[in-house]
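Chain by chain, the residues run as shown.
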Amino acid sequence: MMKNGIAAGLAAFAAALVTFSAGTCAADEFDNLTYRVDDEKAPAVLMTRDVSSEGLVKIYEALGRAPRGKVGIKITFESPGGPYLPPELLRGLAEKTNGTFIDSNALSARRTNAEEHRALAAEHGFTAVAPVDILDAEGEIDMPVTNGKRLKFHRTGSHFDDYDSVISVVRFKPHHIQKYGGTLKNMTICLASPSGKCNIHSAGETAEYYSPAPLDIQLESFADAVKAALDYKKDAWVFINVLCATEPDDDCEGTKPFGDLCILASLDPVAVDQAAIDITFGMAGTEELRRAWEDYHETALPEYAEAAGAGSNEYRLVSID
């Protein structure tokens, strides 16, 4: 576990959350929470079992970071036939914050250009709930990486500059694609424009085409991008993982449907992903099976992001129910 090297700003974040007492800790509801601690200086990850539009609003408000200016709700509209957040789950949050759903184009079919991407968002029901903005519909911007190991910039759409507050909401995917899907991915590959995606996967070698670097180098690149996104919208982010209708669709041994588990929220992107990893992969029947699941789904990214100063692997799990 990487326990050191956390950015100094996290101390202020932890202090702001001391109102959540140890007596409300939800750790006993799940087993094998490897990175969960009782230290009050650790960032809080809030949890509710109420997986609903009302529950999402409640946990967002409990974080205490009021939105300022124009609010972007960073989600992914997903590929045709792929799992995505139910749009109605997001309705209350969108109305509460007057938020716009934002996403970037991708390298996969029907998301390679803004026109088709918007049509897909409409088919999946998102345009019926809130306005939709494809961030790179009219160009790109480069968010600088400071003291990065692999990247000089993290590239996204030019519309990202229009937003003063960003709420990242993710349907957490423990057993879907090979790399687990969570908050850190939403801030990096999913926020990046297609050329930005190539830049991250290649660890800065090319933005022209997909050319993935070796895994450990890619993880350093992802960590650079996480820190760049945080720095570019400093103190403007909120991070939410929704663990809903979890239906494994990979070849991992011993998986089973989890159903609606909970919603997790934090001001620390590393902590909220690590808590979701602990809860979902912690459901393995044995430690050997858990290691196999985590190795296959490349769950080391939170450690790399912590080393880059983007947050903390260790967290306090606090129920708001």
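Because the structure is predicted, anything quoted here is derived from the model rather than measured.

Chemist: Just checking my understanding: could you explain the overall build of the protein chain for this structure?
Modeler: Within the protein chain, the secondary structure is distributed over 10 helices and 10 strands. Taking contacts inside the protein chain between residues at least 6 apart in sequence as the whole, the part at least 24 apart equals 74%. About 13,000 Å² of surface is accessible on the protein chain, with carbon and sulfur atoms providing 48% of the total.

Chemist: Help me understand the pattern of salt bridges, please; the structure alone is not making it clear to me.
Modeler: When their charged atoms lie close together, side chains carrying opposite charge are able to pair. In the structure shown here, the tally under the stated rule is 11 salt bridges. Its salt-bridge partner being lysine 227, residue aspartate 231 comes within 3.0 Å of it at the nearest N-O pair. Placement of the pair is aspartate 231 and lysine 227 together in helix H7 (residues 215-232), with a separation of 4 residues, close to one helical turn. Aspartate 231 sits in the partly exposed class, given a relative accessible area of 36%.

Chemist: Please explain the sheet that holds strand E10 (residues 316-319) as it appears in this structure.
Modeler: Sheet strands line up and pair through hydrogen bonds in the backbone, either parallel or antiparallel. Strand order in the open sheet formed by 8 strands is E4-E3-E2-E7-E8-E9-E1-E10, and the pairing between neighbours is mixed. The open sheet terminates on both sides in strands that have one partner only, identified here as strand E4 (132-134) and E10. Across the sheet, the mean angle from the axis of one strand to that of its neighbour is 25°, orientation sign disregarded. As paired strands, strand E3 (residues 100-103) and E4 are joined by 3 bridges and run parallel to one another. Paired with isoleucine 102 across the strands is aspartate 133, a residue of E4. Each of strand E1 (44-48), strand E8 (237-243) and strand E9 (262-266) touches helix H8 (residues 269-281); the most contacted strand, E8, lies at about 10° to it.

Chemist: Just to check I follow, could you spell out the nonpolar core for this structure?
Modeler: Buried together is how nonpolar side chains tend to be arranged in soluble globular proteins. Counting 52 residues, the largest nonpolar core has Phe160, Trp237 and Leu264 as its most contacted members. Among the elements that take part in this core, H8 stands out by supplying 8 residues, more than any other. Once you skip the residues sitting within four places of it in the chain, tryptophan 237 turns out to touch Arg65, Phe160, Val166, Ser168, Met187, Leu191, Ala229, Leu230 and Leu267.

Chemist: Hey, could you run me through the packing of H8 against helix H9 (residues 287-296) in this one?
Modeler: When two helices pack together, their arrangement is given by the angle between the helix axes and by the axis-to-axis distance. At their nearest, the axes of H8 and H9 sit 10 Å apart, and the two run at 130° to each other. In terms of axis orientation, H8 runs oblique to H9. H8 and H9 meet at a crossing whose hand is right-handed. From H8, Ile277, Asp278, Thr280 and Phe281 reach across to H9, where they touch Arg290, Trp293 and Glu294. Residue composition of the contact of H8 with H9, by class: 3 nonpolar, 1 polar and 3 charged.

Chemist: What is the right way to look at the pairing of strand E5 (residues 140-144) in this model?
Modeler: Both faces of the sheet carry side chains from a regular strand, because those side chains alternate between them. Only one face of E5 is buried: it carries Ile141 and Met143, and the other face, with Glu140, Asp142 and Pro144, is open. Bridge count between E5 and strand E6 (residues 153-157): 5 bridges; the pairing is antiparallel. If you follow proline 144 over to E6, its bridge partner there is phenylalanine 153.

Chemist: Honestly, helix H2 (residues 53-63) in this entry has me stumped. Any pointers?
Modeler: In an α-helix there are 3.6 residues to a turn, and that puts residues three or four apart on one side. Of all the residues in H2, the buried ones are Ser53, Gly55, Leu56, Val57, Ile59, Tyr60 and Leu63. Positive phi appears at glycine 64, one or two residues downstream of H2, with a value of about 80°.

Chemist: Before we go on, may I ask you to explain the packing of aromatic side chains in this structure?
Modeler: Two measures describe an aromatic ring pair: the distance that separates the ring centres and the angle between the ring planes. Applying the stated rule across the entire model yields 6 aromatic pairs. Judged by centre distance (5.9 Å) and plane angle (85°), the rings of phenylalanine 101 and phenylalanine 126 are edge-to-face. Of the two residues, phenylalanine 101 sits in strand E3 while phenylalanine 126 sits in the loop between helix H4 (114-123) and E4, which places them 25 residues apart along the sequence. Judged on exposure class, the residue phenylalanine 101 and its partner phenylalanine 126 are both buried.

Chemist: Got a minute to help me understand H8 in this structure?
Modeler: Helix length check: H8 (13 residues) gives 18 Å between terminal C-alpha atoms against 18 Å at 1.5 Å per residue, within 8%. For H8, the buried fraction is high: 13 of the 13 residues fall into the buried class. Its side-chain oxygen at 2.9 Å from the backbone nitrogen of valine 270, aspartate 268 defines the N-terminal cap of H8.

Chemist: Help me understand the pairing of E8, please; the structure alone is not making it clear to me.
Modeler: Most of E8 sits inside the fold, with 7 of its 7 residues counted as buried. Alternating positions in E8 separate into two faces, Trp237, Phe239, Asn241 and Leu243 on one and Val238, Ile240 and Val242 on the other, with burial throughout. Direction of pairing for strand E7 (residues 165-171) relative to E8: parallel, over a ladder of 6 bridges. Looking at the pairing, valine 169 lines up with isoleucine 240 of E8. Taken together, the 5 bridges between E8 and E9 define a ladder with antiparallel strand orientation. Across the sheet, the residue bridging to phenylalanine 239 is serine 266, located in E9.

Chemist: I would appreciate a short explanation of the confidence of the model for the protein chain in the present structure.
Modeler: When pLDDT drops low, the exact placement of atoms in the prediction is not to be read closely. Across the protein chain, pLDDT averages 87, with 87% of residues at or above 70. Here residues 1-27 is a poorly scored stretch, pLDDT under 50, and it has 47 contacts once near neighbours within four places are set aside; other chains count.

Chemist: It is not clear to me how the packing of H2 against helix H3 (residues 87-97) should be interpreted in this structure. Could you clarify?
Modeler: Look at H2 against H3: their axes get within 7 Å of each other, and the N-to-C directions meet at 40°. For the element pair H2 / H3, the angle class is oblique. Viewed along their axes, H2 and H3 form a crossing whose handedness is right-handed. For the pair H2 and H3, contact is made by Ser53, Leu56, Val57, Tyr60 and Glu61 and by Glu88, Leu89, Leu90, Arg91, Gly92, Leu93, Lys96 and Thr97, respectively. Counted by class, the contact of H2 with H3 contains 6 nonpolar, 3 polar and 4 charged residues.

Criteria and cut-off values
For every chain, the first residue of the written sequence is number 1, and numbering continues from 1 onward in sequence order. Predicted model: local features are reported for residues with pLDDT of at least 70 only, side-chain atom pairs are reported and counted for 80 or more only, and whole-chain, interface and lining totals are derived from all residues. Heavy atoms throughout the structure, all of them, feed into the side-chain values; hydrogens and water do not. Secondary structure elements follow DSSP: runs of H or I of four or more residues count as helices, runs of E of two or more count as strands, with numbering from the N terminus. Note on definitions: a residue-residue contact is assigned when non-hydrogen atoms from the two residues lie within 4.5 Å. For the area figures, the Shrake-Rupley method with a 1.4 Å probe applies, and any residue is considered shielded solely by the protein chains shown. We define a salt bridge as a side-chain nitrogen of Lys or Arg found within 4 Å of a carboxyl oxygen belonging to Asp or Glu. Type-normalised accessible area, obtained with a 1.4 Å probe on protein chains alone, sets the label of each residue: buried when under 20%, exposed when over 50%, and partly exposed for intermediate values. At least two bridges found by DSSP between two strands is the condition for calling them paired. Axes here mean lines fitted to C-alpha atoms, for a helix over just the part in contact, with angles spanning 0 to 180 degrees between N-to-C directions. The criterion is simple. A nonpolar core is a set of buried Ala, Val, Leu, Ile, Met, Phe, Trp, Tyr and Cys residues joined through side-chain atoms within 4.5 Å. Any angle from 65 to 115 degrees is called roughly perpendicular, while one under 35 is roughly parallel, one over 145 is roughly antiparallel, and all others are oblique. Handedness of a crossing follows from how the near helix is turned relative to the far one, being left-handed for an anticlockwise turn of less than a right angle and right-handed for a clockwise one. Three classes are used, and their members are as follows: Ala, Val, Leu, Ile, Met, Phe, Trp, Tyr, Cys and Pro are nonpolar, Asp, Glu, Lys and Arg are charged, and the others, Gly among them, are polar. Each aromatic pair joins two rings of Phe, Tyr and Trp (for Trp, the six-membered one) with centres within 6.5 Å, and gets the label stacked for planes under 30 degrees apart, edge-to-face for over 60, and tilted for any other angle. A helix is expected to span 1.5 Å multiplied by its residue count minus one. The definition of a polar contact used here is a pair of N or O atoms within 3.5 Å, where within protein one atom must be able to donate a hydrogen and the other to accept one, and adjacent residues in sequence count solely through side-chain atom pairs. Scored between 0 and 100, pLDDT is the confidence that the predictor attaches to each residue.

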